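Overview (structure and organization)
Here's the letter readout for the chains.
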Amino acid sequence: MNPQVLFWVPAAVRAFLFAVAVSAVWWAAGVDYALLLAFAGIAALAYTQLHYLYRLSIWLDNPDREKLPDGWGAWTDIFARLYRLRRDDERNRTELTEWLTRFRQAMHLLPDGVVIMDDVLFLEWCNPAAQEHLGLDLARDKGMRVTNLIRNPAFIDYIILGRYEQPLTMGLHGRKLVVHIIPFENRRQIVVTHDATESERIDMMRRDFIANASHELRTPLTVINGFLEIALAQPDLDRQVRKSHLQLMTEQGKRMQGLIGDMLTLTRLESLDYPMRPERVHIRPLLEGILEEANALSSGRHRITLDIDGPDLKGSIDELRSAFSNLVSNAVRYTPDGGVIRIKWRQGADNLVFEVQDNGIGIAAEDISRLTERFYRVDKGRSRDTQGTGLGLAIVKHVLLRHSATLVIESAQDKGSKFMAVFSAASMV
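The numbers attached to residues start from 1 for each chain and follow its sequence in the written order. With the structure being a predicted model, the display of local features is reserved for residues of pLDDT at least 70 and the display and counting of side-chain atom pairs for 80 or more, all residues being used for whole-chain, interface and lining totals. Water and hydrogen atoms play no part in the side-chain values, which are based on all heavy atoms of the structure.

1. Details of the packing of aromatic side chains
- A pair of Phe, Tyr and Trp rings is counted when the ring centres sit within 6.5 Å of each other, with Trp represented by its six-membered ring. The angle between the planes then sorts it: under 30 degrees is stacked, over 60 is edge-to-face, the rest tilted. Evaluated as defined, the whole model comprises five aromatic pairs.
- Aromatic side chains Phe324 and Trp345 sit 6.4 Å apart centroid to centroid with 50° between the ring planes, which places their arrangement in the tilted category. Pair noted here: Phe324 is in helix α11 (residues 317-333) and Trp345 is in strand β9 (residues 340-347), with a separation of 21 residues, a long-range link. Considered together, Phe324 and Trp345 belong to a single accessibility category, that of buried residues.
- For the pair Phe324 and Phe354, a centre-to-centre distance of 4.0 Å together with 20° between the ring planes defines the contact as stacked. Placement of the pair is Phe324 in helix α11 and Phe354 in strand β10 (residues 351-358), with a sequence separation of 30 residues.
- For Phe324, a relative accessible area of 1% puts it in the buried group.
- Through pairs of rings, three or more aromatic residues link up here, namely Phe324, Trp345, Phe354 and Phe423.
- Whether a charge lies above a ring is judged from NZ of Lys or CZ of Arg, which has to be within 6 Å of the ring centre and within 35 degrees of the ring normal. Against the face of Trp99 rests Arg102, its NZ or CZ located 5.1 Å from the ring centre. The numbering of helices and of strands both runs from the N terminus, where a helix is a DSSP run of H or I of at least 4 residues and a strand a run of E of at least 2. For every residue, the accessible area obtained with a 1.4 Å probe (protein chains only) is divided by the maximum for its type, and the residue is called buried under 20%, exposed over 50%, and partly exposed between those limits.

2. Observations regarding helix α10 (residues 283-298)
- Taking 1.5 Å per residue, 16 residues should reach 22 Å; α10 reaches 22 Å between its end C-alpha atoms and fits that length.
- Considered for burial, the residues of α10 that qualify are Ile283, Leu286, Leu287, Ile290, Leu291, Ala294 and Ser298. One side of α10 holds all its buried residues, which, seen down the axis, span an arc of 135°. Turned more than 90 degrees from where α10 packs its buried face, Pro285, Glu292 and Ala296 sit exposed.
- For this analysis, residues touch if any pair of their heavy atoms sits within 4.5 Å. Those residues of α10 that are buried lie in contact with β6 (279-281), β7 (303-309), β8 (313-315), α11, β9 and β10.
- Of the residues flanking the end of α10, it is Ser299, one or two places downstream, whose phi is positive at about 55°. Every helix has an expected span of 1.5 Å times one less than the residues it contains. Here the arc refers to the set of directions running from the helix axis out to each C-beta atom.

3. Observations concerning helix α9 (residues 239-270)
- If you check α9, its first and last C-alpha atoms are 46 Å apart, about what 32 residues at 1.5 Å a residue would give, namely 46 Å.
- If you check which residues of α9 are buried, you get His245, Met249, Gln252, Arg255, Met256, Leu259, Asp262, Met263, Thr265, Leu266 and Leu269.
- Definition of a polar contact: a pair of N or O atoms within 3.5 Å, with one able to donate and the other able to accept a hydrogen when the atoms are protein atoms, and with sequence-neighbouring residues admitted only if both atoms are side-chain atoms. At the N-terminal boundary of α9, the capping side chain belongs to Asp238, with an oxygen 3.0 Å from the backbone nitrogen of Gln240.

Right under this line is the structure:
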């Protein structure tokens, strides 16, 4: 029904009944009493209206603490409507608070930074990632101008010029950040920051890997092609010289084959398409086989011992053989003639340890942290002499990562080295 009808009909009925009462008093007691009754009725009506207006004013000043009053007459409908509006408003505020809470939770979990600024670049809100990327502190910096907080010339120019079609790439606090600014509504802007430091590092590693691999392959190819050109140019070459050339070409071909094999192994270890299939690895036959290979590589130039005092473990036997063989063969290559190499498999308090210790040339402290980088060489000249590919320890690192194990290196120059592959107790069979 029309609200105006709901308002005017009861009012008209009450006015009619009041008029009838005044008329009855006029007829029964005279005009003076009728006027007195009319004045009293109008005064009561005015007092009632003023009373409810006062109650409404108090409620409007503090709607959260004051109770909405009950009405009379037309005020009943007014207060009922206000009550419904208040209830709907509380429900909307509750829903808005829930959505705001969810939004902030989602923003807190984002790996990218999000900063909300007003139209004069004052900080309104930022998530933890933005605080980490830009060095902000929401509790401390809220309400401050962002360009005063981030004193980076490239960032300040980017904001002032307002050319937001392309993102800004800048260095800040040792990070490489990609910054986007997105206009939001009419009076706000959103700054989105993405930390590209890790992807840049990976790209650099990829470029270095390609460059190093190309360099490593170029040397043996140059030797092989050189000897082939000599053979073609001099068909009557001395047999002994030809044999020497063929022997060198064979060695360089094996070197390339080993390098390519190691690169393929690394690719497989890093690929998600080759998940590890754990099985029981029988340690004794595995290490005895590695010992035989080490003795063959040493050709009697070293004293190599094997000590096994621990259980079998779970893992990939092929991957573990590759990792353990690389550690042992490195010890043989970098230990001078007459040196001692000790291979141990032991059980610790809460772990299993494969240990290779030698008394060889050792490694400087500044080089230890970089040993597992691909193609990293402490001494490039010596590495060529030992026929290493520069990928052995990188393979060891990735194999141990797939087995939830760690590589520990202890070494000092001219005093030898100790390489330990440490497995958790969960790997024990």
